[in-house]
Amino acid sequence: MPGTRPPSHPVEPRRLLALAAVVLLLWLTGRPEVPAPGDRQPPWAPEPLAAQEPPPRPQGQVVQIRFRSWKELQALVAQVDVWQVRRDRPGSDTGILVAWVTPAQLRSLREAGHPVTPDPLHTDTLRRPWTRLPGQRQGIPGFACYRTVEETYRDLADLAAAYPDIARLVDFGDTYDKVTPGGPAGYDLLDLVLTNRLRAVPEKGTLVVLAATHARELATAEVATRFAELLVEGYGRDPDLTWLLDFNEIHIIPYGNPDGRKWAEQGYLWRKNTDNPAACGFPYYGVDLNRNASFLWDVCPGCSSPDPCSIIYRGPRPGSEPETQALEARLRQVFGDFKGPQLADPPSPETNGIFLSLHSFGELIIYPWDWTGSPAPNQAALVTLGRKFGYYTNYAVCNTSNCLYAIDGSQTDYAYGQLGVAAYTFELGTTFFQSCQSFESQVLGPNLDALRYAAKAAYRPYGLPAGPEVLDVAVRPTRLYPGMPLRVTARADDTRYRSQGYGVEPSQAIGGARVTLDRPGWLGAETAGTLEPADGAFDAPQEELVGWLDTTGWPPGRHTLFVQAQDADGNWGVPTAVFVWILTPEGLEVAVEPGTTLEAAPGETRTFTVTLTNRLTVTDTYRLDVLRTDWPVGLSRRRGGVPPGQTLSMPVSVTVPQGTPPGTRGQTVLQIASNTVPFRAVQVTLQVHAVLSSVQESTAPAARAVYLPWVGGPPR
Ligand SMILES: [Zn+2]
């Protein structure tokens, strides 16, 4: 297919009309499709249509239009296809608007006295050939880095099939073409749900990432898909990616508008869905799905258009489109409702959930409201999280009125205004048809980092971002026997915010740091230890941290340490995790009879018999120590030599003190250690429940073997 050439001479209106008629005819006779040769067709692929010459792309070019007031900007937005707004200064009312214009629009802009200059760089992105590159086997023609709708859906289905415990592909609705008889087959709307389904957690953080609502914003779907792949492939390997799926539910919706995307993949500047082709000539029909929400629809002048041919057509009714209805239902399903009914009601500080709508382009992070410049009820908290995203992406952090133009019926205003979740629009990259070279080297990495932070903060998006981040967490050693001291080092940083000129986030000195074992601190995990400032004082917003953890009693296997830091104002930040492995000594077995849990009345004594078996091939000597105990313990035998295959029994008596309230539990932690091999030890925890009166028989379970590893240091 040839590229769009800039018009060498103005096209006459009569010729445009004829062109539109031809295009309409082509539409009625069936939409052309360019099937990828050799591609496996997934079950939801549209019916391949007969290959024929696709409709020509309309003539036009990209220009820069100077605007001199906010009002003028908003008026221009309703007239032309705006690509980008560049304010002269952050938040200023003057600047340059980058827009695609037809020759007729260009003439009328000039006649109206608008200063207009060509934008050859952006126009150039339209000229590129929309055919496969030499050797290109997959991807959008000319863009090997961007998967087609079919390829993305296939890859995500493969991912879900390969990792059924953590990934599930959910069909949550149908597109306009799919629900409309005749025409193209259309698509399912798919949500890849990522979470460790085997791990029950009282409350998982929820993150929804939506991409490609606007069809031509090519890079967005690929960012979302790569994020899904990063999470799934890193699960079990990268400690942070692992806990993100253990303690969160992350939804990846790669295409909000696959029907329109199909046109964009063929090189059309398609933005909207494909609703109502009869309303307008090709390629101007469709509804702008980011102006069509059922909430705050058509509430501000110039924020959307009633004209079905406009690039920002809001549709005939609030939430009129099948894509809008499906998305809103999905958001209501996966998020709780944290907001009161009034616009001015602030969301709960306990709000759980972040909604990110990925768009391009302009290098912006946009927080609500979209429809007004008035502050959102909890704007400060929205800005704080926005500046975290700004830190990672280096994008400007602002709302539409400050750095773009006001819009209504948007997806993020719906998510924030109806449900209270923290909702942002990312305008990523520097053009719609972003080159693969700049996508891979500049756009992808920073946005993946921002998405990763979003996943970390999803549990409490209005609290965690105010706290410091923890970086460079390291443990020594990484593999150890329980009881060996574990050294943890990290760095806490409360300065990681950026806005590109849209205000400065205050930073505080670091106030403290804690480590929790196997769960984030917010789930009520006991603190396994604290970290102290390496320089002796918590007095700066960046601190090196160091601490020693007592690993006594840690069961064998892999553990996750969550390190969280707090600022001087008491804000805890998101955790950073690290793995540590607790080893089991071989050949040392311990059994407890009649069980590790017994009952006794106050004043009574219960006796456990601890029996160890030496599975080594040599005789060893062992020692029994009490590491800690709530109640008095009596030991009648504390050490002995054990030949290979033989056992040694050591009675342990625990007395419930007089006056202990019934229901109280006393714990005794024992260690059986080899006298000859350092850190060759097993720990056993015994429990006694205080009851009202003596019971003849313990209700504890029958004797069972306990195989606990152990290790070291001298008993305390
Ligand atoms: Zn967009």
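Structure: see above.
Just so we're clear, the structure is a prediction, and the values are computed from it rather than from any experiment.

Brief notes about the side chain of Gln-683
- Relative to the helices and strands, Gln-683 resides in strand β30 (residues 681-690).
- Here the side chain of Gln-683 touches Gly-553 through a polar contact of 2.4 Å, landing on its backbone nitrogen.

Let's talk about the packing of aromatic side chains
- Throughout the structure, instances matching the rule amount to 27 aromatic pairs.
- On the numbers, 4.8 Å between centres and 70° between planes, the contact of Trp-263 with Phe-282 is edge-to-face. Residue Trp-263 is located in helix α9 (residues 258-264), and its partner Phe-282 is located in the loop between α9 and α10 (322-334); the two are separated by 19 residues in the primary sequence.
- A residue is classified by how much of its surface remains accessible, and Phe-282, at 8% relative accessible area, is buried.
- An angle of 90° between the planes, with centres 5.2 Å apart, marks the rings of Phe-389 and Tyr-424 as edge-to-face. One end of the pair, Phe-389, is in helix α11 (residues 379-393); the other, Tyr-424, is in strand β12 (residues 422-427), and 35 residues separate them in sequence. This pair shows no difference in class: Phe-389 is buried, exactly as Tyr-424 is.
- Here the aromatic cluster, defined as three or more aromatic residues joined through ring pairs, consists of Trp-130, Phe-143, Tyr-146, Phe-433 and Phe-439.

Considering the packing of helix α7 (residues 218-234) against helix α8 (residues 239-246)
- Across the interface, α7 lies against α8 with an axial gap of 8 Å and an inter-helix angle of 100°. On the basis of the axis angle, α7 is roughly perpendicular to α8. Two secondary-structure elements touch here, α7 through Leu-230, Leu-231 and Gly-234 and α8 through Leu-241, Thr-242, Leu-244 and Leu-245.
- Residue classes in the contact of α7 with α8 are distributed as five nonpolar, two polar and no charged.

So, the coordination of the zinc ion
- Within the protein, the atoms that donate to the zinc ion are His-214 (ND1), Glu-217 (OE), Glu-217 (OE) and His-359 (ND1), at distances of 2.1 to 2.5 Å.
- Angles of 57 to 145° at the metal separate the four donor atoms of the zinc ion, which places the site in the irregular class.
- Expressed as a motif, the donor residue spacing for the zinc ion is H-x2-E-x141-H. One end of the pair, His-214, is in the loop between β7 (205-211) and α7; the other, His-359, is in strand β9 (residues 354-359), with 145 residues separating them in the sequence.

A short note on empty space enclosed by the protein
- Summed over all chains, the structure comprises six cavities of 30 Å³ or more.
- Computed from the structure, the largest cavity encloses a volume of approximately 210 Å³.
- Of all the secondary-structure elements, those providing two or more residues to the lining of the largest cavity are β2 (81-87) and β12.
- Per-element accounting of the lining of the largest cavity gives the leading share, three residues, to β2.
- Here the residues of the lining of the largest cavity sort into eight nonpolar, seven polar and six charged.

A look at the state of the cysteines
- The full count for this structure, using the stated rule, is four disulfides.
- Between the sulfur of Cys-145 and that of Cys-436 lies a disulfide, 2.1 Å long from S to S. With the S-S bond torsion at -85°, the cross-link from Cys-145 to Cys-436 turns out left-handed. In this pair, Cys-145 sits in the loop between α4 (120-127) and α5 (149-162) while Cys-436 sits in helix α14 (residues 436-457), placing the two residues 291 residues apart along the sequence.
- Residue classification places Cys-145 among the buried positions, given a relative accessible area of 8%.
- One disulfide in the model links Cys-398 with Cys-403; its S-S distance is 1.9 Å. On the S-S bond that ties Cys-398 to Cys-403, the torsion sits near 75°, and the link is right-handed. Judged on exposure class, the residue Cys-398 and its partner Cys-403 are both buried.

As for the sheet that holds strand β17 (residues 527-530)
- Read from one edge to the other, the open sheet built from five strands follows the order β14-β21-β20-β16-β17, with strand pairing classed as mixed. Each edge of the sheet is formed by a strand with only one pairing partner; in this case those strands are β14 (479-480) and β17.
- Examined bridge by bridge, strand β16 (residues 510-517) and strand β20 (residues 557-567) share seven bridges and lie antiparallel to one another. Bridging across to β20, Ala-513 finds its partner in Ala-565.
- Sitting on the sheet, α8 touches β20 and β21 (576-582), and the angle it makes with β21 is about 100°.

Quick notes on the rules
- Residues numbered from 1 in each chain as written.
- Predicted model: local features only at pLDDT ≥ 70, side-chain atom pairs only at ≥ 80, totals over all residues.
- Heavy atoms only, no water.
- Helix = DSSP H or I, 4+ residues; strand = E, 2+ residues; numbered from the N terminus.
- Polar contact = N/O pair within 3.5 Å; in protein donor to acceptor, adjacent residues only side chain to side chain.
- Phe/Tyr/Trp six-rings, centres within 6.5 Å; stacked < 30°, edge-to-face > 60°.
- Buried < 20%, exposed > 50% of the residue type's maximum accessible area, 1.4 Å probe, protein only.
- Axes fitted to C-alpha atoms, helices over the stretch in contact; angles between N-to-C directions.
- Parallel < 35°, antiparallel > 145°, perpendicular 65-115°, else oblique.
- Contact = heavy atoms within 4.5 Å.
- Nonpolar A, V, L, I, M, F, W, Y, C, P; charged D, E, K, R; others polar.
- Donors = N, O, S within 2.8 Å, 3.2 Å for Na, K, Ca; no water.
- Tetrahedral: all angles 85-135°; square planar, octahedral: opposite > 155°, others 65-115°.
- 1 Å grid on protein atoms, 1.4 Å probe; cavity = no way out; pocket = protein on both sides within 12 Å on 5 of 7 lines; lining within 4 Å.
- Points joined across faces, edges and corners; volume = space filled by probe spheres on them.
- Disulfide = S-S within 2.5 Å.
- Pairing = 2+ DSSP bridges.

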